[in-house]
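# A closer look at the structure
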Amino acid sequence: MSVLVINLLPPDVLREQEHRGKLSLINKISVSVLVLLTFFISVTVALRVAQSSELSKTTDNFAYAQEKISTLKDKEEQLVILKQRLSMMQSLIGTDSKKKALFNLILYLTPLNTQITDLSIDKKGTIALSFSTDSLSNVDKLIGDLGSKEKNSDLIAKIELDSFSSGRNGLYYTTLKITPK
Amino acid sequence: MIDKQLKELYNHYKTIMWPICTSVASVTILIFLIIPQLLSYLNVRGQISGLQTRADSLEAKAQDLQQMDEQKVTQDFQSAFTVLPVDPEIPSALVALQALAAQSGLKVGNTTYASGQRTPGKNSFTLNLTVTGSITGMRSFLMSLQSAIRIFQVDAISARFTKNNTLEAEITIAVYYDPSTNVKWSVEEEVPKFSSKEEELLTLLNQQVDNANQKIKAQEASYSAVPMGKLNLFD
């Protein structure tokens, strides 16, 4: 059986009650928002204070580490200078290895019964070689060996015959100009 | 009259004034206080992190430097400056060359000096050496220049050979030195590390300097064995 509800209060009063209810809700929400904001503000302030302390500590650590490195400055400078010098040495050492190798190569390839009279290597590494021998085959052999990549260790780029003559003594005099690679 | 009007206005709007004021205050606090502070917090957090990283790398660098063998570093340093000195040190270079020639069985004739180039990284002077001896001696001399106490680089060779397998040669040798000792030092730069080739070179340099020093000591010892002057001043 349904229940009939009759409200005997006048409509004005009912409207007034409803209105007050809404206002009360709005006020409660406003207060909650203010409380929340106050909470956020306190959290923010607390975080900033803690962070400030951490920043100060980290700055001190960094300054301490810098000071520690400063006390070791001399040792580090020694290492830097040493490294620079080694690098320079590496660029200088061995720049003459080709000249020495060519000098030794020519002596090594010179056949028996062949007399080198003059051997000079200039600053660019160009070689002037004068030799005498009693056999044309020795001349041929020496020039051939100097020109062979296998025998000259790929050190020689060009061989030019500057002069060739034979003497009354039966000897052949040859002058070569050798250009290195 | 104005009071009455104000009172009417207040009575009309009093119900919504509190929510409006609260909303305005909340938005103002949010925009001008909370958000800037949070952004500032995040910014400073980044700075702290960067600073801590730098401090850690400096600590590691300090540890590396402290762990290094100071004696070895000093020895390497001295060897490097012996082989590539700051000044030309011409007399010592000449003595070293003549000693190498003599050890290889060559006789040293004339020696002349010529000032060389002065480009950064390639400062040098030139010594022209006239030597006579065997071909083997000459080869040995050229090889010994590699392990000498200075950096000797052969610029030119002019040799005249005789029938009995001997030669007379004029050798032009460039001798290097390096006057630069300035270093741009920075706290936060890494400690220099040596490659394996550089370590090998250092070992070689130390050996060369040790050998040269031993020879000098042996020579000095031989000089001291020879009595100098009168033993009794009143004889």
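For the structure itself, look to the data block above.
Let me sum up the structure you'll find in this document.

What counts, and at which threshold
Residues numbered from 1 in each chain as written. Chains lettered and ligands numbered in written order. Predicted model: local features only at pLDDT ≥ 70, side-chain atom pairs only at ≥ 80, totals over all residues. Heavy atoms only, no water. Helix = DSSP H or I, 4+ residues; strand = E, 2+ residues; numbered from the N terminus. Rg over C-alpha atoms; globule rule 2.2 N^0.38 Å. Buried < 20%, exposed > 50% of the residue type's maximum accessible area, 1.4 Å probe, protein only. Contact = heavy atoms within 4.5 Å. Areas by Shrake-Rupley, 256 points an atom, 1.4 Å probe, with all protein chains shown as cover. Lys, Arg positive; Asp, Glu negative; His and termini not counted. Charge placed at Lys NZ, Arg CZ, Asp CG, Glu CD. Expected span 1.5 Å × (residues − 1). Arc of directions from axis to C-beta.

## Observations concerning the overall build of chain B
Secondary structure assignment for chain B yields 5 helices and 4 strands. Shown N-terminal to C-terminal, the secondary structure of chain B runs as helices and strands in the order α-α-α-β-β-α-β-β-α. What you see for chain B is a C-alpha radius of gyration of 40 Å, clearly larger than the 18 Å of a compact globule of 235 residues, by over 25%. Reported as C-alpha extents along the three principal axes, the dimensions of chain B are approximately 140 × 50 × 35 Å. Taking all 235 residues of chain B together, 34% fall into the buried category. Sequence separation of at least 24 residues holds for 69% of the intrachain contacts in chain B that already meet a minimum separation of 6. For chain B, the exposed surface amounts to about 15,000 Å²; the carbon and sulfur share of it is 57%. When the 20 basic and 23 acidic side-chain charges of chain B are each reduced to a single mean position, those positions are 5 Å apart.

## Describing helix α3 (residues 90-103) of chain B
Residues and elements named next belong to chain B. In a regular helix each residue adds 1.5 Å, so 14 residues correspond to 20 Å; α3 covers 20 Å between its end C-alpha atoms and thus fits that length. When we look at burial in α3, the residues that qualify are Ala93, Ala96, Leu97, Leu100 and Ala101. Down the axis, α3 shows its buried residues gathered within 135° of arc, on one side only. Projecting away from the buried face of α3 at angles above 90 degrees are the exposed residues Pro91, Val95, Ala102 and Gln103.

## Observations concerning the side chain of Asp76(B)
Note on placement: Asp76(B) falls in helix α2 (residues 70-83). When its relative accessible area of 3% is taken as the criterion, Asp76(B) is described as buried.

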